[in-house]
Amino acid sequence: MTTRHGTHFGDTELPQEQKQALRRARRLQWVGLVYMLSAIAVVYVVMGSSQAMKVAWIEDLLSLVPILSFLIGSRVAAKASDETHPYGYHRAVAVGHLVASVALLTMGLFLVYDSASGLLMQEHPPIGTMQIFGHTVWAGWLMIAAMVYTGIGPVILGRLKLPLAETLHDKVLHADADMNKADWMTAAGAILGILGIGLGFWWADSAAALLIAGSIVKDGVGNLGHATAGLMDSRARTVDDSEPHPLVEEVEELVRETAWVADSAVRVRDLGHLFHVEALVVPRHGQVDLAQLSELDERIQELDWKVSDVVVAPVASTEHTHSWARSS
């Protein structure tokens, strides 16, 4: 078993564009990891008894999960196939996606309960003062400064990660980037909660915390659905899971228009970064030779770098497969 970091996904050598994208994505994730660790420390120091700050701090902790999932998953996925894992280690990406989703949803539900409890119990969190260089400063200003710091970085990083996720067809990286883009809402919500307390609105803090917790639950539910569908071998979809991947239709069209193919059924599943294609073909006149099968296999693989595992199987009929071929 070998691992070739930055050059392969399993047995598939990456094209130059994907090699560069993977190297850049890893650099961004390491930068993001260091940045989020600093943000976690900053928020912890100034959060006081604010419920909104507490929830924002926990969300920052949760943001480490998809970063680590990507860094670990992309390394594991680079391993070549072996006797124990004949299909390779591509599912490591899907496992990372699932782990991040479960962590988000679980903590999000807990925070919704915790924030709603504070609101119902009419808790009045105090925000005191702090001494800085001999001057007395309202701690709320420090909290707001911390939220500005934690809000700006993820938005920039998220926008940089999105095109790389598309290039690599990496759903963990895409989910992470999508969450980063929305982090400004967490920061804005926490700032409004702090200002609300300063203006005498005791409920503003818990309300802001509840809003942030709700966004965490939303992210968790969406990502959990997508991760589960991938592990259940649903039809290959785009990196944002918004629609079937156009490559599926390209494969179907290529097989269908092959001269010696009378009928066909194709199914494509997403292994992680790469696609597994099964093409069941009915030969015209009931005959086909190995050279024709091999040529069709090669033509399918040439469609895109993501097509790495192709099976072309001659069959007598696709009568029992057309239903899933149409509905998948």
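Please refer to the structure placed before this passage.
Computed from a predicted structure; not experimentally measured.

What counts and what doesn't
- Residues numbered from 1 in each chain as written.
- Predicted model: local features only at pLDDT ≥ 70, side-chain atom pairs only at ≥ 80, totals over all residues.
- Heavy atoms only, no water.
- Core = buried A, V, L, I, M, F, W, Y, C linked by side-chain atoms within 4.5 Å.
- Buried < 20%, exposed > 50% of the residue type's maximum accessible area, 1.4 Å probe, protein only.
- Helix = DSSP H or I, 4+ residues; strand = E, 2+ residues; numbered from the N terminus.
- Contact = heavy atoms within 4.5 Å.
- Pairing = 2+ DSSP bridges.
- Axes fitted to C-alpha atoms, helices over the stretch in contact; angles between N-to-C directions.
- Phe/Tyr/Trp six-rings, centres within 6.5 Å; stacked < 30°, edge-to-face > 60°.
- Patch = residues over 30% accessible without salt bridge, like charges linked within 9 Å, V, L, I, M, F, W, Y side chains within 5 Å.
- Areas by Shrake-Rupley, 256 points an atom, 1.4 Å probe, with all protein chains shown as cover.
- Salt bridge = Lys/Arg side-chain N within 4 Å of Asp/Glu carboxyl O.
- Lys, Arg positive; Asp, Glu negative; His and termini not counted.
- Charge placed at Lys NZ, Arg CZ, Asp CG, Glu CD.
- Polar contact = N/O pair within 3.5 Å; in protein donor to acceptor, adjacent residues only side chain to side chain.
- Expected span 1.5 Å × (residues − 1).
- Parallel < 35°, antiparallel > 145°, perpendicular 65-115°, else oblique.
- Left-handed = near helix turned anticlockwise from the far one by under 90°.
- Nonpolar A, V, L, I, M, F, W, Y, C, P; charged D, E, K, R; others polar.

**Student:** Even after reading the chapter, I still don't get the nonpolar core, so can you show me in this structure?
**Tutor:** In globular proteins that are soluble, nonpolar side chains generally tend to be buried together. Core analysis: the largest hydrophobic core is formed by 54 residues, its most contacted members being Met53 and Met147. Elements supplying a minimum of two residues to this core: α1 (16–46), α2 (51–62), α3 (64–77), α4 (91–120), α5 (139–168), α6 (171–181), α7 (183–198) and α8 (203–231). With eleven residues, α1 is the largest single contributor of residues to this core. Among residues more than four places away in sequence, those in contact with Met147 are Val43, Met53, Ala56, Ala187, Ala190 and Ile191. Counting 20 residues, the second largest nonpolar core, distinct from the first, contains Val248, Val261, Leu296 and Val307.

**Student:** Even after reading the chapter, I still don't get the sheet that holds strand β7 (residues 307–314), so can you show me in this structure?
**Tutor:** Across the sheet, three strands lie side by side as β5-β6-β7; this open sheet has mixed pairing. A strand with exactly one partner marks an edge of an open sheet, and here the two such strands are β5 (261–270) and β7. The mean angle between the axes of side-by-side strands here comes to 15°, regardless of whether they run parallel or antiparallel. Note: β5 against strand β6 (residues 275–283), nine bridges, orientation antiparallel. Considered in β6, the bridge of Ala265 is made with Leu280. Together, β5, β6 and β7 form the strand contacts of helix α9 (residues 246–256), whose direction differs from that of β5 by roughly 160°.

**Student:** So what exactly am I meant to see when it comes to the packing of aromatic side chains here?
**Tutor:** Pairs of aromatic rings are described using the distance from one ring centre to the other and the angle between the two planes. Tallying each qualifying case throughout the model produces four aromatic pairs. With a centroid separation of 6.4 Å and an interplanar angle of 35°, the aromatic rings of Phe9 and Trp305 are classed as tilted. Placement of the pair is Phe9 in strand β1 (residues 8–9) and Trp305 in the loop between α10 (290–301) and β7, with a sequence separation of 296 residues. Like Phe9, the residue Trp305 is buried in the burial classification. A ring pair is formed by Tyr44 and Trp57, whose centres lie 5.5 Å apart and whose planes are at 40°; its orientation type is tilted.

**Student:** For this particular structure, what's the right way to read a negative patch on the surface?
**Tutor:** Judged by side-chain charge, Glu166, Asp178, Asp240 and Glu243 come together as a negatively charged surface patch. Relative to the assigned elements, Asp178 resides in helix α6.

**Student:** What should I look at first to understand the side chain of Asn180 in this one?
**Tutor:** Mapped onto the fold, Asn180 is located in helix α6. Within the local environment of Asn180, its side chain forms a polar contact with the side chain of Lys161, the two groups lying 2.8 Å apart. Dropping the residues within four chain positions of it, Asn180 is found in contact with Pro154, Val155, Leu157, Gly158 and Lys161.

**Student:** I would appreciate a short explanation of unusual backbone geometry in the present structure.
**Tutor:** One non-glycine residue with positive phi stands out, namely Asp233, at about 60°. As for its position among the elements, Asp233 is in the loop between α8 and α9. Accessibility expressed as a relative area gives 34% for Asp233, which makes it partly exposed. For Asp241, which is not glycine, the phi dihedral falls at a positive 60°. The residue Asp241 is located in the loop between α8 and α9 in this model. Taking the relative accessible area as the measure of exposure, Asp241 reaches 12% and is therefore buried.

**Student:** It is not clear to me how the pattern of salt bridges should be interpreted in this structure. Could you clarify?
**Tutor:** Side-chain pairs of opposite charge can arise where the charged atoms are in close proximity. A full pass over the atoms with the stated rule returns nine salt bridges. Glu13 is the partner of Lys19 in a salt bridge, and the nearest nitrogen-oxygen pair spans 3.3 Å.

**Student:** Quick question: what am I supposed to make of α4 here?
**Tutor:** Along an α-helix, a turn takes 3.6 residues, which lines up residues three or four apart on a common side. Relative to the 44 Å expected for 30 residues at 1.5 Å per residue, α4 spans 43 Å between its end C-alpha atoms, a close match to the ideal helical length. Immediately downstream of α4, the backbone of Gln122 shows phi near 55°, a positive value.

**Student:** Looking at this model, I keep getting lost on a nonpolar patch on the surface. Mind explaining?
**Tutor:** On the surface, a nonpolar cluster with roughly 320 Å² of combined accessible area is contributed by Val148, Ile152, Ile156 and Leu160. Tracing the backbone shows Leu160 in helix α5. By relative accessible area, which is 32% here, Leu160 ends up partly exposed.

**Student:** Mind showing me how you'd approach the packing of α9 against α10 here?
**Tutor:** Interhelical geometry of α9 versus α10 gives an angle of 155° and a closest axis separation of 10 Å. Judged on the interaxial angle alone, α10 and α9 are roughly antiparallel. α9 and α10 meet at a crossing whose hand is right-handed. Residues Val251, Leu254 and Val255 of α9 touch α10, and the partners they reach there are Leu296, Arg299 and Ile300. A per-class count over the contact of α9 with α10 returns five nonpolar, no polar and one charged.

**Student:** Looking at this structure, I do not really get the environment of Val43. What am I missing?
**Tutor:** With respect to the helices and strands, the residue Val43 is situated in helix α1. Considered as a pair, Val43 and Lys54 are eleven residues apart in the sequence and their alpha carbons are 8.4 Å apart. Contact partners of Val43, with chain neighbours within four places excluded, come to Met53, Trp57, Asp60, Ala146, Met147 and Thr150.

**Student:** Help me out: how do you make sense of α3 in this one?
**Tutor:** In this model, α3 (14 residues) spans 20 Å end to end at C-alpha, consistent with the 20 Å of a helix rising 1.5 Å per residue. Three or more residues of α3 are buried, namely Leu64, Pro66, Ile67, Ser69, Phe70, Leu71, Gly73, Ser74 and Ala77.

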